[in-house]
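Below, each chain spelled out in residue letters.
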Amino acid sequence: MLRLAPRSLAQLARNDSAATGRAKRDRFGGRRWRVAVQWTLCAALLVGAEAVTVADDAEGVRFFETKIRPVLAEHCYGCHGAEDQESELRVDTLDGMLRGGYAGPAVMPGKPTGSLLLTAVTYQDSDLRMPPDEKLDAQQVADLRRWIEMGAPHPDSGDTPAPRPLGEIDLEQARQHWAFQRPVLPRIPALVSPGLKPIDAFVFSRLDDAEIPRPGPADRATLLRRATFDLTGLPPTPAEVTAFLADDSPQAWQRVVERLLASPAYGERWGRHWLDLARYADSNGLDENVVHAHAWRYRDYVVDALNRDKPYDQFLVEQIAGDLIGAAESSQTDSPAANRPPDDRPAYQRRNERLIATGFLVLGPKVLAEQDETKMEMDIIDEQVDTLGRSVLGLTLGCARCHTHKFDPITHRDYHALAGIFKSTRSMDSYKTVAEWHENVVESPQQTQRYEAHQQRIADVQKQLDQRIAAATEALPEEQREGKAEELEKRFSPEAREELKSLREQLKQLQDTVPERPMAMGLDEGTVEDLAIHLRGSHLTLGDVVPRGFPAVLTDPETPELPDDQSGRLQLAQWLTTGDHPLTARVMVNRLWRWHFGRGLVATVDNFGLQGEPPSHPQLLDWLAIQFVRSGWSIKSMHRMIMLSETYRASSRFDPVAASRDPDNRLLWRFPPQRLEAEAIRDAHLAVSGTLDRGIGGSLLTLKPREYVFNHTSEDRSTYDTKRRSIYVPVIRNHLYDLFQLFDYNDASVLDGDRESSTVAPQALFLMNSPWIRRVSTSLAARLEALPTPEQRIENLYLLAYGRRPAEAERQGAERFLKTFASAYAAKASAPPESDDSPASPEAAAWQALCHAVVASHEFVYLR
Amino acid sequence: MRTPTNSTASVNRRALLQQLGGGLGMLGAAAAMSSAERLEAGQAGTSAGPHFPPKAKRVIHLFMNGGPYQGDLFDPKPALEKYAGTRPPGADLLTERPTAGLLPSPFRFRRHGDSGLEVSELLPRLAQHADDLCVLNALHADNPNHGPALLQMNNGTIIPTRPSMGAWFLYGLGSENQNLPGYLVLCPGRPVRFSILWNSAFLPSKYQGTYINHSTIDPEKMLPHLRNGRWDSQTQRDQLDLLQQLNATHLSQRGNDSTLAARVEAMETAFRMQSEAHEAFDLQRETKATRQAYGEGHFANGCLLARRMVERGVRFVQVYYGNGQPWDTHSNHDKTTRKLCQDIDQPIAALLADLKQRGLLDETLVIWGGEFGRTPTSENGNGRDHNHHGFTMWMAGGGVRGGMTYGETDEFGFKAVADKMHVHDLHATVLHLLGLDHQRLTYRHAGRDFRLTDVFGRVVDEILA
C-alpha cells in the first residue's frame, strides 16, 4: 500500500476497516480529520496486552456495580450492548471493553489517558463524544476515571482471559516473508554455454526453462546509445560512436563502460535518480511554498558521492546520521573490489559534507503554518519515517502511524519506536508559524575565522562606542549627566559627537557586511526521549511509552538497545548497513536494476512488503545483493557487473514467440525499450544542438533564503531559462518546469523510485510546436551547416541524434525530403515574416524541418 | 477489472500505417501482436462503455475552490441569530483553525419556483432555475485542509497517487471526440495542488485531464504550442509525414511496440487538435447575445467554454472559479462572498439556460461546489474557517431530480446530520448517472483492484430523476 503524505493516514485507516468488511460509519467511529478513526487493528491493545492486570478485589467490584455499571447501562448499553454493537464495541462485558471497537480499546486498566472510554465521556475530543446527546455529569466522569485507575475491577475479571488482540502479529510467521529473510548466496545455474556471466546464467536459465529463446546481442551503435544515456543521461558524441564502432578489441565494451563511469555526467545522471527518492526540491511546496535556498548543497553532495563511488553504506550513514560521525569513523571503507580514488580532501570538507548529507531527512514538504505545533512535529517525523522506510527498506512504515500496518508486520509500537528516534532529533529550529527547518553551518576554517573576526570587529567597535559615550558623559558637569541618551549626546563636545558619528558609521558598515555563512539543511541531535504511542495517530490520545528501536520483525535478540543519551540515529544507520540486513542491499540493487532496465526485479521498487510484487528472479536478486555488500557497497561495481552481462547487451527486438509466452517481458527475453526521462530529453536536445552548458553544481535560484517562491500573479519563470543540465534546474514544488511536468518528471513532494512514462497529445504538441523545439532544431541545423556536403550533414545529424550512421535509403529519403520541402516552401514562402528565427532560405527551412523531425522522432526519445 | 476492447487504437494505427504507404511490412507486424500487446493497445484506446444505460453523458463541474459557505447560499439557519456570538454545544467542532462564536449570515433567503426551493439573495439569477437544482445539503468530507480536501473531492482519497474522477470517467466511457482531449480542466490560474487533481495516476496516461489556463481567452494562449507558428498547415503536414515515416521505420525495425504505436497516434491527435481545438476554444465564434447572456469575467468565459466543450463531446469539463483558493474567506467573508457570487450567478444561470435551450441539459450533469464548506462560527470576527463536517453542493440536469433538497445539517449548519452524503457517495452517484457501477469500475494495480470510491460509496437513489 502506498502511503505518501502525512494526511493520507485517515484514509488508509479507513481502507483497513473497510477491507475487513466493517465499513459502517457511526457516531463512535465517526470520521475525524486528524486521525484515523475506523481502524480495526488495535495496536494499543496489543501493546497493552501484557500489562492487563485487572483488579478483582471485592471492594473494586462493589464500586463497579454501584457506580459504574448503572451509568454504562443507562447511557451506553443501548448502542454498545448485547443487542447493538455500534463500531463493533460493546461495553456490557469486560471483554468487550478491553477488546474495544474500531477506535481502539475502550478501557486500558490503570491507564485513564489511554482509555478511549474516558476520552469519549470527557468530551475532550470533538469527534469522539459519548454519550452523544449529553455529557455525563462530573461525578460520573470522575467515577469512571477512578474505576479505570483502580485497574477496572469487574466481576468477570477472574474468568476473562486476556482478550485476543485484534492486531496481533505472529512474528515468526511474519518473518517467513521472503524479503524479511536474509539473502542466501544462491547456486549459480550451470548452463551449457561456457563463459557465461552469473547474471546471464540466472536470466537465461529461466528463459530456457520457459522455452523462450535467449536474446541476441544489440548492435553496437544501439548499445552505445543505450549505455551512454543510461550512465550519463546524454547522447554519445559522433566521435564516441565512430571510435566504438571502429574498436574491435575484446575490451572495447568494457572500456566504454569505464569511460562512462568516470565521466562527471555519471553523477549528474545517477544522482538525479537518488534525488527522486530524496523527494528533492528547492522549495517547501504545500501552502507555505518557501525557498530551500541551500538544498542545492545536498544535491551536489549526492552527485559528488555517486561520482566518487562512495560506498552505499557510508552514503546512507551520512544521510541519516552524518552529524554524528566523528573524524575517526569517516575514513572511507576500503574495499578491494572498489576502484576508488583516495579522498584527500581536508577533514573540514568531509565534515561539512556529512552535515550536508543529513539534508536528506529535512527536505520533505512541511505544513509550516500548522497551528498545532505538536501535530506539525509529529507530521514531520511521520514524513521522515515514511521516506526512510520506503527509500531504504522498501517498507511503507508510515502506514503504521495510526494503527498496526494492515498488510505488513509493522506494529503501531514499531512505528513509535522508530518515530522516537526522530523525535529525539532536531529537524526544526522553530515550530512557530511560519516554522523554520534546521540548518547547519558548513564553512571552511578560513570562513569561520573570517566570520568570527568580523563579529569581533563589530564587538570591538561597539565597545569603543560604549566607552566613548561613557567618557563623554563623564566629561559633562555632574548635573547634566541625567536624561535620555539622545538628550545627553546633544550636550557632548563637537569632537566627541563627531567621533561617535564616525564609530557608528563604522559599526553600521560592519554590520552590513557580515560575511554570509554557507548553510545546509540538516539534522542535529535533539532532546532524547521515547515516544508514547499515539492512539489513532493523535497526539491528543496517548498510550504506552515505547522505547526507541527498530521494527521487531527485522530484529533479533542480538539487536542492540539504543543508548539513553543519543537519539539512536547513528545506531539506526549502522543497523541498516550491517551487511546482513535482509532489506537494505536488496532494495538498492533492485533500484539499480530498475534504473538500468526500466523495471525492477521486484517491480514495486518502493514496496518489498506483503503488498509488493514478489521478485521475478529471486535468486538473481539475492546474488546481486550479496555481491553488492561484498564489493564494499560499490554502486559502480554493480553497474559494471550488470552492464558487462549479455542480458544488458541484449537486443530489444520484439519476438512474437517470446511475447506470446511472456507478454510482460518479465523474463527479459529482450532488453526493455524505454522512453527517455524528461531531463534526458531536454539535455539531449541541448547536447545535439550544441548549446548544452556543462557547468557543474551550484545554485540557479534567484530567491533569498526562505522567501516565498512566487505569487501567482507575478510568477518568475526566468530561472528555467538556462542551458545547464536539467539536474541543476530549480525544482519548485507545485510549480515544476512545464517541460519536466509534461514528460513525467517526479512529483518532488513524495519519493518515487519508479517514474511513469506517459504518452499524451500535449507532449506531441510540445515536440511539434514549442519555441523550445524550434530553438533546438534551428541550432542543430546551424551546427550542421558548417559541414560542406549534404551527405556529411545528414550523416552527422544521424550520428548526433541517433548515435548511428544513416542507412543508404535513409540518406536518400532525407535528401528527397529536403528537396521536396524546399521547393514546396519556396513556392508558398509560408514563413511568417515577423519571426526572428525565420530561415534564411528554403534550403535552410528544409534543414530545420528535417532536424526538427529527427529530434521529435521515436528513435530520438526512445532507447532500444 | 473490466476487459477493455482493442478496437480504436489498433484500427487507427492500422489506418495510419496504411496511410503512410505500407511498404514497411507493418501490417504483418501488427498482425503478430501478442495478446498482451493487444490488451495494452486496447487500453490505450477506448474502454468498454457504460455498465447500464446512462442518464448523463457528460459532466460539467463548477468548482468553487477555497470552499463557499453554505449558510449564505443554500442552507439557511435562522438559529444562528438566536445564538449569535455564543458557542453552544455542537458549535465547537474542530476545524482547521480556532473559531469563536456563531456568526449569522446577513443574507436573506426566498423560496423560488414551483418547488419553493430556498435560495439566497446572493444568487438571484440562479434562483430562477430553482426547479432544476438538486441541492445536497449534507455533504461531508474527512479533512478541513485545502490540499487533502481537494484531493478527496477530485481523486476520492487524500492519497496523492490515485486517479482523478475524470480519469475514471474516461477510463469507463472513453471520449466522444477524438480531436479534443476528453477531460478538460479550466482555471484562470492554478488551483492549489494543481495537476495532481486531474492526474491519471496508475490509469493509462491518456485518461489524464488536460489543463487549460483560460485567464486569456485567446485559443493560442489557452493551448500552448497549439500553433506551429512556423509552417502553414500543409508544410507542417509534410514535415509530420516525414516524422511519422521516421517513426514507422523505427517501429518496423523494432518488431512491434504498442507504446510507440500510441505515440504515433498522439502525434496525429495533436495535429488534429491544431485545427479543431482552435475553433472549439474560440469564444469569438459565439453570438453577441450569448456572450452577453453569460456576462463578463473569467468564470463566465469558463462556463461558456464548458458548454462549447460538452457540445463537442468532451466527457468531463471542470471549471475552477479561480487562481489559488478564492473562496477561502478567512476574513472579510461577507464582502468577498458578495463579490464572488456576483461573478458566478449570471454565468451559471446562463449555462443552465443555454444547455437547456440546446437540449443538452438532460444529458449533461452540472455539479457545483467547493472542496468543503465554511463554519457557521466566526474566525477573527468577520471570517469563516473551513468546514468539512457539513456543506452544500448541488447538481442539475443529467438524470437528477430538480427542485429538491437532500440532507440536513444541524441547527447551526455545522455538521451533516440527516441523509448525509460523503464525498464517496457523491462519486458513486455521479458514476451511476454516467451508467457506471462504482463497484465494478475497477482497475488492477500493484496487486489489487482500485476504485474511485475505494471500498465506500452509496448511490443516493433518492435524488435520481
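Keep in mind that what you see is a predicted model, and the values were worked out from it rather than measured. (Residues numbered from 1 in each chain as written. Chains lettered and ligands numbered in written order. Predicted model: local features only at pLDDT ≥ 70, side-chain atom pairs only at ≥ 80, totals over all residues.)

Visitor: Help me understand the overall build of chain B in this model?
Guide: From N to C terminus, chain B includes 15 helices and 17 strands. Residue burial in chain B is summarised as follows: out of 465 residues, 62% are buried. Of all intrachain contacts in chain B linking residues separated by at least 6 positions in sequence, the fraction that spans at least 24 positions is 77%. (Helix = DSSP H or I, 4+ residues; strand = E, 2+ residues; numbered from the N terminus. Buried ≥ 20, exposed ≤ 12 C-beta atoms within 10 Å, placed from the backbone. Contact = placed C-beta atoms within 7 Å.)

Visitor: Explanation requested: the overall build of chain A in the structure shown.
Guide: When helices and strands are counted, chain A shows 34 helices and 10 strands. By the burial criterion, 51% of the 864 residues in chain A qualify as buried. Sequence-distant contacts in chain A: of pairs separated by 6 or more residues, those separated by 24 or more amount to 72%.

Visitor: Sorry if this is basic, but what is going on with the domain arrangement of chain B here?
Guide: Many descriptions give the size of an interface as the accessible area lost when the pieces come together. Residue and element names in this part refer to chain B. With domains assigned, chain B is organised as domain 1 (1–48 + 229–280) and domain 2 (57–223 + 284–463). With 13 residues of domain 1 at the contact, the number on the domain 2 side is 19 residues. No other element matches helix H11 (residues 258–280), which puts eight residues into the side of domain 1 that touches domain 2. Residue classes in the side of domain 1 that touches domain 2 are distributed as five nonpolar, five polar and three charged. (Domains from an automatic or database assignment. Nonpolar A, V, L, I, M, F, W, Y, C, P; charged D, E, K, R; others polar.)

Visitor: Looking at this model, I keep getting lost on the environment of leucine 117 of chain B. Mind explaining?
Guide: All names here are of chain B. Relative to the elements of secondary structure, leucine 117 occurs in strand E3 (residues 117–120). Its 24 C-beta neighbours within 10 Å are what place leucine 117 among the buried residues. As for leucine 117 and aspartate 132, which are separated by 15 residues in sequence, their C-alpha atoms are 10.0 Å apart. When residues no more than four places from it in sequence are discounted, the contact partners of leucine 117 are Arg111, His112, Ala130, Leu133, Val135, Gly403 and Thr405.

Visitor: Honestly, the domain arrangement of chain A in this entry has me stumped. Any pointers?
Guide: According to the domain assignment, chain A consists of domain 1 (42–166), domain 2 (443–517) and domain 3 (766–863). The distance between the C-alpha centroids of domain 2 of chain A and domain 3 of chain A comes to 69 Å.

Visitor: Explanation requested: the pairing of strand E5 (residues 183–187) of chain B in the structure shown.
Guide: Consecutive residues of a regular strand have side chains that alternate between opposite faces of the sheet. Residues and elements named next belong to chain B. Counting buried residues in E5 gives five out of five residues, a clear majority hidden from the surface. Where burial is concerned, the two faces of E5 agree: the one with Tyr183, Val185 and Cys187 and the one with Leu184 and Leu186 are both buried. Of the pairings in the sheet, the one linking E5 to strand E7 (residues 316–320) comprises four bridges and is parallel in character. Across the sheet, the residue bridging to leucine 184 is valine 317, located in E7. With four bridges connecting them, E5 and strand E6 (residues 210–213) associate as parallel partners. (Pairing = 2+ DSSP bridges.)

Visitor: Would you explain the packing of helix H23 (residues 584–597) of chain A against helix H25 (residues 635–643) of chain A in this entry?
Guide: What describes two packed helices is the angle between their axes and the distance between those same axes. All names here are of chain A. Running from N to C, H23 and H25 point in directions that differ by 50°, and their axes come no closer than 11 Å. Judged by the inter-axis angle, H23 sits oblique to H25. When you trace H23 past H25, the crossing you get is right-handed. Contact with H23, carried on its side by Val589, Leu592, Trp593 and His596, involves Ile635, Met638 and Ile642 of H25 and no other residues of that element. Across the contact of H23 with H25, the residue classes tally to six nonpolar, one polar and no charged. (Axes fitted to C-alpha atoms, helices over the stretch in contact; angles between N-to-C directions. Parallel < 35°, antiparallel > 145°, perpendicular 65-115°, else oblique. Left-handed = near helix turned anticlockwise from the far one by under 90°.)

Visitor: Just checking my understanding: could you explain unusual backbone geometry for this structure?
Guide: Residue and element names in this part refer to chain A. A cis amide bond, omega -5°, links threonine 433 with the succeeding residue valine 434. Here valine 434 shows up in the loop between strand E2 (428–430) and strand E3 (436–437). Phi at alanine 152 is positive, roughly 50°, even though this residue is not glycine. One can find alanine 152 in the loop between helix H7 (138–149) and helix H8 (171–174). Positive phi, close to 55°, is recorded for tryptophan 633, a residue that is not glycine. Position of tryptophan 633 relative to the elements: it lies in the loop between helix H24 (618–630) and H25. Accessibility expressed as a C-beta count within 10 Å gives 26 for tryptophan 633, which makes it buried.

Visitor: Which parts of the structure should I look at to understand helix H10 (residues 220–232) of chain A?
Guide: The α-helix winds at 3.6 residues per turn, so residues separated by three or four positions along the chain end up facing the same way. All names here are of chain A. When the terminal C-alpha atoms of H10 are compared, their 18 Å separation across 13 residues agrees well with the 18 Å that a helix rising 1.5 Å per residue should span. Of all 13 residues in H10, 11 are buried, a share of seventy percent or more. Among the residues of H10, those classed as buried are Thr222, Leu223, Leu224, Arg225, Arg226, Ala227, Thr228, Phe229, Asp230, Leu231 and Thr232. Positive phi appears at glycine 233, one or two residues downstream of H10, with a value of about 75°. (Expected span 1.5 Å × (residues − 1).)

Visitor: Hey, could you run me through the packing of helix H15 (residues 312–321) of chain A against helix H22 (residues 569–576) of chain A in this one?
Guide: Residue and element names in this part refer to chain A. The interhelical angle for the contact between H15 and H22, taken along N-to-C directions, is 160°, at an axis separation of 9 Å. Accordingly, the angle class assigned to the pair H15 and H22 is roughly antiparallel. Relative to H22, H15 is oriented so that their crossing is right-handed. For the pair H15 and H22, contact is made by Leu316, Val317, Ile320 and Ala321 and by Arg569, Leu570, Leu572, Ala573, Gln574 and Leu576, respectively. Of the residues assigned to the contact of H15 with H22, the class counts are eight nonpolar, one polar and one charged.

Visitor: So what exactly am I meant to see when it comes to the environment of phenylalanine 107 of chain B here?
Guide: Residue and element names in this part refer to chain B. Following the sequence through the fold, phenylalanine 107 ends up in the loop between helix H5 (79–82) and strand E2 (109–112). When the C-alpha atoms of phenylalanine 107 and leucine 73 are compared, they prove to be 8.2 Å apart, with 34 residues separating the residues in sequence. Those residues in contact with phenylalanine 107 that sit more than four places away from it in its chain are Asp72, Ser120, Glu121 and Leu122.

Visitor: I'm lost on the confidence of the model for chain A in this one. Help?
Guide: Keep in mind that low pLDDT regions are not for reading the predicted coordinates in detail. For chain A, per-residue confidence averages 85 on the pLDDT scale, and 87% of positions sit at 70 or higher. Confidence drops under pLDDT 50 across residues 1–53 of chain A; counting only partners more than four residues distant or on other chains, this segment forms 172 contacts. (pLDDT = per-residue confidence, 0-100.)

Visitor: How do you make sense of H25 of chain A when you look at a structure like this?
Guide: With eight of its nine residues buried, H25 of chain A lies for the most part within the structure. Buried within H25 of chain A are the following residues: Ile635, Lys636, Ser637, Met638, His639, Met641, Ile642 and Met643 of chain A.

Visitor: How do you make sense of the confidence of the model for chain B when you look at a structure like this?
Guide: Residue and element names in this part refer to chain B. Residues of chain B with pLDDT of at least 70 account for 88%, and the chain-wide mean is 86. Counted against residues more than four places away or in other chains, residues 1–47, with its pLDDT under 50, gives 80 contacts. The complex model carries a pTM of 0.75, and its ipTM stands at 0.71.

Visitor: Could you clarify how one ought to interpret the pairing of strand E8 (residues 364–369) of chain B in this entry?
Guide: Residues and elements named next belong to chain B. Of all six residues in E8, six are buried; the element is thus mostly enclosed. Direction of pairing for strand E1 (residues 58–63) relative to E8: parallel, over a ladder of six bridges. Counted as the bridge partner of phenylalanine 63 is glycine 369 from E8. Pairing geometry for E8 and strand E11 (residues 391–397), over four bridges, is antiparallel. Note on E11: the bridge partner recorded for isoleucine 367 is methionine 395.

Visitor: Just to check I follow, could you spell out the environment of glycine 402 of chain B for this structure?
Guide: Residues and elements named next belong to chain B. With respect to the helices, strands and loops of the structure, glycine 402 is situated in the loop between E11 and strand E12 (404–406). In this structure glycine 402 comes out as buried when scored by C-beta crowding, with 22 C-beta atoms within 10 Å. Residues glycine 402 and leucine 170 lie 232 residues apart in sequence; the distance between their C-alpha atoms is 26 Å. Setting aside residues up to four positions removed in sequence, glycine 402 forms contacts with Asp131, Asp132, Leu133, Cys134 and Ala396.

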